[in-house]
Amino acid sequence: MPNRILSGMQPSGRLHLGNLLGALDNWRLLQKDHECFFFVADWHALSTNYEDTSRIKEFVQELLIDWLAAGINPDRAIVFVQSRIPDHAILHLLLSMMIPIPWLERNPTYKEKQEQIQDRDLSTFGFLGYPVLQAADILLYKADAVPVGKDQLPHLELTREIARRFNSLYQPVFPEPKELLTEFPKVVGTDGRKMSKSYGNTINLSDPELVVREKLKTMVTDPARVRRRDPGNPDVCPVFEFHHIFSPQPIIDQVNRECRTAEIGCIDCKKFVADAMVQRLSPIWEARATLLNNPHIIEEVVHQGCERATKVSHQTLEEVKAAMKI
Ligand code: TRP
Ligand code: SF4
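Peer 1: I'd like a description of the site of ligand 1, backed by residues and values.
Peer 2: As a matter of local geometry, ligand 1 sits amid 13 residues, with H44, Y130, Q134, D137 and Q152 nearest to it. One of the side-chain nitrogen or oxygen atoms of Y130 is found 2.7 Å away from a nitrogen atom of ligand 1. One nitrogen or oxygen atom from the side chain of Q152 is found 3.0 Å from a nitrogen atom belonging to ligand 1. Within the complex, the protein chains bury 89% of what would otherwise be the 370 Å² of accessible surface of ligand 1. Of all the elements in the fold, those that place two or more residues in the shell around ligand 1 are β1 (4-9) and α8 (130-139). Looking at the shell around ligand 1, the element that brings in the most residues is α8, giving four residues.

Peer 1: Can you lay out the layout of surface pockets for me, pointing to particular residues and giving the numbers?
Peer 2: Its boundaries defined by the atoms lining it, the second largest pocket holds a volume of some 370 Å³. Lining the second largest pocket are 17 residues, and of these H92, F125, G126, G129 and Y130 lie nearest its centre. Those elements that provide at least two residues to the lining of the second largest pocket are α2 (42-49), α4 (87-96), α5 (101-105), α7 (125-128) and α8. The element best represented in the lining of the second largest pocket is α2, accounting for four residues.

Peer 1: Describe the packing of aromatic side chains, naming the residues involved and giving the relevant values.
Peer 2: Taken as a whole and judged by the stated rule, the model has nine aromatic pairs. Here W27 and F38 contribute two aromatic rings whose centre-to-centre distance is 4.3 Å and whose plane-to-plane angle is 5°, an arrangement assigned as stacked. Of this pair, W27 sits in helix α1 (residues 17-33) while F38 sits in strand β2 (residues 35-40), and the two are 11 residues apart along the sequence. A single burial state applies to W27 and to F38, both of which are buried.

Peer 1: Give me the lowdown on the packing of α4 against helix α14 (residues 295-324), citing residues and values where you can.
Peer 2: For the pair α4 and α14, interaxial distance at closest approach is 10 Å and the crossing angle is 25°. Between α4 and α14, the interaxial angle falls into the category roughly parallel. With respect to the hand of their crossing, α4 and α14 are arranged in left-handed fashion. Taking contact as the criterion, the partners of D87, I90, L91 and L94 in α4 are, on α14, T310, S313, H314, L317, V320 and M324.

Peer 1: So what's going on with the nonpolar core? Which residues, and what values?
Peer 2: Counting 102 residues, the largest nonpolar core has W67, L95 and F242 as the members making the most contacts within it. The contact partners of L95, leaving out residues within four places of it in the chain, are V132, A135, A136, L139, I162, F166 and F174.

Peer 1: Any details on the pattern of salt bridges? Residues and values, ideally.
Peer 2: Evaluation of the coordinates by the stated rule reveals 21 salt bridges. D25 is the partner of R280 in a salt bridge, and the nearest nitrogen-oxygen pair spans 3.2 Å. Of the two residues, R280 sits in helix α13 (residues 266-293) while D25 sits in helix α1, which places them 255 residues apart along the sequence. Judged by its relative accessible area of 28%, R280 falls in the partly exposed class. Look at the salt bridges and you will find they share partners, linking E157, R160, R164, E176 and E179 into a network.

Peer 1: So, the pairing of strand β3 (residues 77-81): which residues are in play, and what are the values?
Peer 2: Burial analysis of β3 places five of its five residues in the buried class, which makes it a mostly covered element. Burial along β3 is two-sided: A77, V79 and V81 facing one way and I78 and F80 facing the other are all buried. Bridge analysis of β2 against β3 gives five bridges, and the strand direction is parallel. Across the sheet, residue F37 finds its bridge partner in β3, namely I78.

Peer 1: Tell me about the domain arrangement of the chain, and please be specific about residues and values.
Peer 2: You can read the domains of the chain as domain 1 (4-187 + 295-324) and domain 2 (207-288). Using C-alpha coordinates to define each centre, domain 1 is positioned 36 Å away from domain 2. With 11 residues of domain 1 at the contact, the number on the domain 2 side is nine residues. Between domain 1 and domain 2, roughly 820 Å² of surface is buried when both sides are summed, and carbon and sulfur atoms account for 72% of that area. At the junction of domain 1 and domain 2, the tally comes to two salt bridges.

Procedures and definitions
Residues numbered from 1 in each chain as written. Chains lettered and ligands numbered in written order. Predicted model: local features only at pLDDT ≥ 70, side-chain atom pairs only at ≥ 80, totals over all residues. Heavy atoms only, no water. Near = heavy atom within 4 Å. Polar contact = N/O pair within 3.5 Å; in protein donor to acceptor, adjacent residues only side chain to side chain. Areas by Shrake-Rupley, 256 points an atom, 1.4 Å probe, with all protein chains shown as cover. Helix = DSSP H or I, 4+ residues; strand = E, 2+ residues; numbered from the N terminus. 1 Å grid on protein atoms, 1.4 Å probe; cavity = no way out; pocket = protein on both sides within 12 Å on 5 of 7 lines; lining within 4 Å. Points joined across faces, edges and corners; volume = space filled by probe spheres on them. Phe/Tyr/Trp six-rings, centres within 6.5 Å; stacked < 30°, edge-to-face > 60°. Buried < 20%, exposed > 50% of the residue type's maximum accessible area, 1.4 Å probe, protein only. Axes fitted to C-alpha atoms, helices over the stretch in contact; angles between N-to-C directions. Parallel < 35°, antiparallel > 145°, perpendicular 65-115°, else oblique. Left-handed = near helix turned anticlockwise from the far one by under 90°. Contact = heavy atoms within 4.5 Å. Core = buried A, V, L, I, M, F, W, Y, C linked by side-chain atoms within 4.5 Å. Salt bridge = Lys/Arg side-chain N within 4 Å of Asp/Glu carboxyl O. Pairing = 2+ DSSP bridges. Domains from an automatic or database assignment. Buried area = accessible area lost by both parts, 1.4 Å probe.

Here it is in structure tokens:
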């Protein structure tokens, strides 16, 4: 069992069900029996949004609200914001002195993102160095394990290479962090594709009940089921995937049976799923409302989190400087 866990998210808008089930639920469970550091990677957001920074602050705030509402517990986890701990920048700089540029140039996410994002110029120093900043985030706290999605594996591998290089050039300071792959299968969006902000098919934690119900009403179903009397096939219906996640077993069984015989219609079927989803989201909505009305709670959590994180990061930086004799 790894004892120290660290993970971060970029502030890039509101969290949706995919983020909740794929990452946050996992963090929530990890904080029960591990020492956890969870932070908002707002400097990382600059690497792709340096031209328009106008909404980053607001996104940081929203992310923190969503985290706490979804059950990240500041009594158990250290919650902080990257840009409030300058040690991340210092370690980033020191590491940058010893990292060969080809290591960064052959990073697959570097190439992929540059191809994906055509409307911005990403041929910047900061974007190339994205994984160096991420390595600094992780190594500064000597994390044993980092819960991430598959897309982040190259960054974890690079972090280990950077740790090894530092340790062999100077003194062994950094443990090599392991990845904790988040296993939850992809969450489907309202259009049947993977739920993703860039597809505009998300159900957000901040969506009010009426919006959630409305989104489900217009969600795609088995495309072969055109009329009410047509039998359907739940196995190809995205709505049924939501049933599997949210509905109690008797409802799942009922839908599975009655859809195939056209006993149940899509409208009623979706109402069941909406009820189950609303039940799951209600406590999150309540917590969000409380936090929105009491912004000082967030500030207090971040203030304390930064203080606790800084104790660890200062200690590591002292060891780094001693190892480098500077
Ligand atoms: N790159 C991560 C992402 O986009 C965010 C991140 C930044 C991170 N620093 C980290 C994740 C350190 C884990 C550990 O999802
Ligand atoms: Fe999908 Fe439910 Fe309609 Fe069957 S009844 S096609 S599972 S929405």
